[in-house]
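The primary structure of each chain is shown beneath.
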Amino acid sequence: MSADPLSDALAVADARSVFSGGFTAGGSWAVRLHGRDKLKVLAVVRGSCLLVLETGGEPLRLAEGDVAVSDGRQPYVLCSEPGLEPLASGRPLMDPATRMARLGDGEDEDVLCVSGHIDVSRDSGELLRRALPELIHVRADVAEAEVLRWLIGQLAQEMTTSRAGVEFASDQLAQLIFVQVLRICLTEADGLPPGWLRALADERLAPALRLMHGDPAHPWQLEELARAAAMSRTTFAVRFKEAAGVPPLTYLLNWRMSLAARALRQDTAPVATLARSVGYTSESAFSNAFKRAVGVAPRRYRDAVRS
């Protein structure tokens, strides 16, 4: 693995951003969007609208260039104004060529939005979900917003045309949009729940995280990691747990098991070889640790995934 924990986590989660469609709207309109237990991403290309969580709370105004990412557990409503009966997202007529729908009773196109989701592996989806709040709102005026606006504009242009390679280009732009959102989250870590992303945002902890990600097989000790962070063992352990939600060596164990699960899904290497790659000299010790973390033994896990 590299010493880039953000890239590592996205790779281990098999994270792939897919923008599946969008809509233009005018006049009065409302539509309900379902995450279907996937991270849901919405970008406002033009105009503005309200986002209303069905769990309650004040409506959130999304302006041009804003991006919202929800954890996908609960549907939400996008609308021109509160109190309108929303359409289900599958009902509006969508142009199969552009994957764009038309909403509202107005003749003008006041709003243009594109939306999609984050595909993650069956087992590592929680790696991302636990690191993020229920709803992320990235405003168009934050740092790095210019890059985000350009990416959103390019994505909208791809999705509203039928040029050759549109699906591939859209997927690549969607991936960059999601990475940019996470980068912005790293600069506003106070809004993040305890987890690996919040820990990565802590500049004092980042050197220790890079060590663990750069060489997960190394038998890291608390003293080594604390030294890399230029802290005492106690100060480092307390600060790490506050940020990551777990002690440093528990984080290392969880990371090793995430790496192992991905390897079992994708590789055919013997379990003994895989065990050594994540720091275990004994296959039985690795198998016991994996079973405690995942619930099944490595071979059974591999068989279940591949069947």
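Overview of the structure. All values reported here derive from a predicted model rather than from experimental measurement. (Residues numbered from 1 in each chain as written. Predicted model: local features only at pLDDT ≥ 70, side-chain atom pairs only at ≥ 80, totals over all residues. Heavy atoms only, no water.)

## Some thoughts on the overall build of the protein chain
In terms of helices and strands, the protein chain carries 12 helices and 12 strands. A globule of 307 residues ought to have a C-alpha radius of gyration of about 19 Å, and the protein chain, at 22 Å, matches this closely. Based on the C-alpha atoms only, the size of the protein chain along its principal axes is roughly 70 × 45 × 35 Å. Sequence-distant contacts in the protein chain: of pairs separated by 6 or more residues, those separated by 24 or more amount to 74%. Carbon and sulfur atoms make up 50% of the accessible area of the protein chain, which amounts to about 14,800 Å² in all. Across the protein chain, the centroid of the 35 positively charged side chains sits 9 Å from that of the 38 negatively charged ones. (Helix = DSSP H or I, 4+ residues; strand = E, 2+ residues; numbered from the N terminus. Rg over C-alpha atoms; globule rule 2.2 N^0.38 Å. Contact = heavy atoms within 4.5 Å. Areas by Shrake-Rupley, 256 points an atom, 1.4 Å probe, with all protein chains shown as cover. Lys, Arg positive; Asp, Glu negative; His and termini not counted. Charge placed at Lys NZ, Arg CZ, Asp CG, Glu CD.)

## Brief notes about the pairing of strand S7 (residues 76-79)
Alternating residues of S7 divide into Tyr76 and Leu78 and Val77 and Cys79, and every residue in both groups is buried. Across 4 bridges, strand S2 (residues 30-33) lies against S7 in antiparallel orientation. When the sheet's bridge partners are listed, valine 31 is paired in S7 with leucine 78. In this sheet, S7 lies alongside strand S4 (residues 49-53) in antiparallel orientation, the contact comprising 4 bridges. In the sheet register, leucine 50 faces S7, and the bridge partner there is cysteine 79. (Buried < 20%, exposed > 50% of the residue type's maximum accessible area, 1.4 Å probe, protein only. Pairing = 2+ DSSP bridges.)

## With respect to helix H1 (residues 5-12)
Of all 8 residues that make up H1, 6 are buried, and the element is covered over most of its length. For H1, the complete set of buried residues consists of Pro5, Leu6, Asp8, Ala9, Leu10 and Val12. Aspartate 14 occupies a position one or two residues after H1 and carries a positive phi of about 55°.

## Comments concerning the nonpolar core
Val67, Leu128, Trp196, Leu197, Phe236 and Phe286 are the most contacted members of the largest nonpolar core, which totals 77 residues. Not counting chain neighbours up to four residues away, the residues in contact with leucine 197 comprise Leu6, Ala131, Leu132, Leu182, Cys185, Leu186 and Leu192. Within the second largest apolar cluster, 17 residues are counted, among which are Ala25, Leu42, Leu78 and Val111. (Core = buried A, V, L, I, M, F, W, Y, C linked by side-chain atoms within 4.5 Å.)

## Overview of helix H3 (residues 145-159)
Under the 1.5 Å per step criterion, the end-to-end length of H3 is 21 Å for 15 residues, consistent within 8% with the ideal 21 Å. The complete set of buried residues in H3 reads Ala145, Leu148, Leu151, Ile152, Leu155, Ala156, Glu158 and Met159. Across the axial projection of H3, the buried residues extend over an arc of 160°, all falling on one side. Across H3 from its buried face, at more than 90 degrees, point the exposed residues Glu146 and Trp150. (Expected span 1.5 Å × (residues − 1). Arc of directions from axis to C-beta.)

## What to know about the packing of helix H6 (residues 206-214) against helix H9 (residues 248-266)
Remark: H6 packs on H9, axes separated minimally by 10 Å, with the N-to-C direction vectors making an angle of 35°. For the pair H6 and H9, the crossing hand works out as right-handed. Contacts between H6 and H9 involve Leu209, Met212 and His213 on the former and, on the latter, Pro248, Tyr251, Leu252 and Trp255. For the contact of H6 with H9, the class distribution of residues is 6 nonpolar, 1 polar and no charged. (Axes fitted to C-alpha atoms, helices over the stretch in contact; angles between N-to-C directions. Left-handed = near helix turned anticlockwise from the far one by under 90°. Nonpolar A, V, L, I, M, F, W, Y, C, P; charged D, E, K, R; others polar.)

## Notes on the packing of aromatic side chains
Applying the stated criterion across every chain yields a total of 6 aromatic pairs. Both rings, one in phenylalanine 286 and one in phenylalanine 290, keep their centres 5.8 Å apart while their planes meet at 45°; by these two values the pair is tilted. In this pair, phenylalanine 286 and phenylalanine 290 both sit in helix H11 (residues 283-294), 4 residues apart, roughly one turn of the helix. Classification of phenylalanine 290 as buried rests on a relative accessible area of 0%. Aromatic rings pair up to connect Tyr280, Phe286, Phe290 and Tyr301 into one cluster. (Phe/Tyr/Trp six-rings, centres within 6.5 Å; stacked < 30°, edge-to-face > 60°.)

## Description of the pattern of salt bridges
Within the structure shown, the criterion is met by 4 salt bridges. Between arginine 46 and glutamate 109 there is a salt bridge, with its nearest N and O atoms 3.5 Å apart. Taken together, the residues arginine 46 in strand S3 (residues 39-46) and glutamate 109 in the loop between strand S10 (100-103) and strand S11 (111-119) connect sequence positions 63 residues apart. (Salt bridge = Lys/Arg side-chain N within 4 Å of Asp/Glu carboxyl O.)

## Focus on the environment of alanine 131
Positionally, alanine 131 belongs in the loop between helix H2 (125-129) and strand S12 (135-138). Owing to a relative accessible area of 1%, alanine 131 belongs among the buried residues under this scheme. Along the sequence, alanine 131 and valine 142 sit 11 residues apart, while their C-alpha atoms lie 21 Å from each other. The residues contacting alanine 131, other than those within four sequence positions of it, are Leu192, Pro193, Trp196 and Leu197.

## Focus on the packing of H9 against H11
The contact between H9 and H11 brings their axes to 10 Å, and the two run at 95°. On the basis of the axis angle, H9 is roughly perpendicular to H11. Contacts between H9 and H11 involve Met257, Ala260, Ala261 and Leu264 from the former and Phe286, Ala289, Phe290 and Ala293 from the latter. When grouped by side-chain class, the residues that make up the contact of H9 with H11 number 8 nonpolar, no polar and no charged. (Parallel < 35°, antiparallel > 145°, perpendicular 65-115°, else oblique.)

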